[in-house]
Amino acid sequence: MVELEGVNKHFGALHVLKDINLTVRKGEVLVVIGPSGSGKSTLCRAINRLETIDTGTIAIDGQKLPEEGRALARLRADVGMVFQSFNLFAHKTVLDNVTLGPRKARGTPKKAAADQARALLDRVGVANQANKMPAQLSGGQQQRVAIARALAMQPKVMLFDEPTSALDPEMVNEVLDAMVALAREGMTMIVVTHEMGFARKAADRVVFMADGQIVEEAPPEEFFTAPKSDRARDFLSKIL
Ligand code: ADP
Ligand code: MG
């Protein structure tokens, strides 16, 4: 579903993605973990073409990401993204936040978009918030709306970049639970998170990144209990 081959990316003299090769199968849940500055966000942004890459290829569902234009917009719609900061439209209701993409990008009629949005809001447990403004919701509720909004575009893969790290601790689980449910429904997911509980429950594979490289890849139990590299051991000793 997602295939990266020989991907390199520089910011000026800084080599942030170093020859990344990564394949994510349909329905697979990949957790990406690693120290701050290791390139995790850049990797997510490159997959969604929010960042260009210098060399290599990125393909979604067998189609190489084009540089620009209508084909890019279409492929980008296949990739849903949820950020650390919820990024909801502050001046639109929850319902409008979820219907806007399908209405504008896909031309979905208003009623159909609203029905779909209500179903998605229900799925992430915030159906009763549909007519509120984002600021009236808790952080956990806002992040679940952000997930519903991404799902409304019917993506083939969902990227989550530290979706719970801006939340108060008591709200982390409600967001992770929605993500676990999505994983169990068979969504292909790439999740940057240090939440081991999520990784253990939902991940098929953990990728450890450091200094722009994929250092280690393993099933979650194996990675957390017996990391192979010194870097991963050192990192885990700091977050556990
Ligand atoms: P992570 O998400 O793992 O913390 P990032 O992908 O955000 O790492 O950043 C990787 C490196 O690239 C860091 O050194 C960061 O400072 C740098 N970086 C990220 N975005 C930019 C940018 N737009 N311009 C210059 N440097 C950047
Ligand atoms: Mg980051």
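Rules used throughout
Residues numbered from 1 in each chain as written. Chains lettered and ligands numbered in written order. Predicted model: local features only at pLDDT ≥ 70, side-chain atom pairs only at ≥ 80, totals over all residues. Heavy atoms only, no water. Near = heavy atom within 4 Å. Polar contact = N/O pair within 3.5 Å; in protein donor to acceptor, adjacent residues only side chain to side chain. Areas by Shrake-Rupley, 256 points an atom, 1.4 Å probe, with all protein chains shown as cover. Helix = DSSP H or I, 4+ residues; strand = E, 2+ residues; numbered from the N terminus. Nonpolar A, V, L, I, M, F, W, Y, C, P; charged D, E, K, R; others polar. Pairing = 2+ DSSP bridges. Axes fitted to C-alpha atoms, helices over the stretch in contact; angles between N-to-C directions. Buried < 20%, exposed > 50% of the residue type's maximum accessible area, 1.4 Å probe, protein only. Right-handed = clockwise from strand over helix to strand, strands pointing away.

A. A look at the site of ligand 1. Surveying the vicinity of ligand 1 reveals the residues F11, L14, V16, P35, S36, G37, S38, G39, K40, S41 and T42. The contact in question runs from an oxygen atom of ligand 1 to an N or O atom on the backbone of G39, over 3.0 Å. One nitrogen or oxygen atom from the side chain of K40 is found 2.7 Å from an oxygen atom belonging to ligand 1. Notes on ligand 1: free accessible area 570 Å², of which the protein chains cover 58%. If you list the elements that add at least two residues to the shell around ligand 1, you get strand 2 (14-24) and helix 1 (40-47). Considering each element in turn, the shell around ligand 1 owes the most residues, three residues, to helix 1. For the shell around ligand 1, the class distribution of residues is four nonpolar, six polar and one charged.

B. Layout of the sheet that holds strand 10 (residues 213-218). Taken in spatial order, the six strands of this open sheet run 6-7-8-3-9-10, and their pairing is mixed. Either end of the sheet is taken by a strand with one partner, and the two such strands are strand 6 (79-82) and strand 10. Strand-to-strand twist of the sheet, defined as the mean angle between neighbouring strand axes without regard to direction, takes the value 20°. Relative to strand 9 (residues 205-210), strand 3 (residues 29-33) is paired through four bridges, and the arrangement is parallel. Its bridge partner being in strand 9, L30 is matched across the sheet by R205.

C. Structural detail: the pairing of strand 7 (residues 157-161). For strand 7, the buried fraction is high: five of the five residues fall into the buried class. What you see with strand 7 is no split at all: V157, L159 and D161 on one side and M158 and F160 on the other are buried throughout. Judged from the four bridges that link them, strand 6 and strand 7 form a sheet pairing that is parallel. Note that in strand 7 the partner of V82 across the bridge is F160. Across five bridges, the pairing between strand 7 and strand 8 (residues 188-192) is parallel. Within strand 8, the residue paired with D161 across the bridge is V192. Of the crossover connections in this fold, the one passing from strand 7 over helix 6 (residues 169-184) to the parallel strand 8 is right-handed.

D. Structural detail: the pairing of strand 1 (residues 2-11). Relative to strand 2, strand 1 runs antiparallel, the two being bridged by seven bridges. Among the inter-strand pairings, V7 is bridged to a residue of strand 2, identified as I20. Counted between consecutive antiparallel strands, the loop separating strand 1 from strand 2 contains two residues, among which G12 sits at a positive phi close to 60°. Sheet topology note: the strand 1/strand 4 (residues 55-60) ladder contains five bridges and is antiparallel. Among the inter-strand pairings, E3 is bridged to a residue of strand 4, identified as A59.

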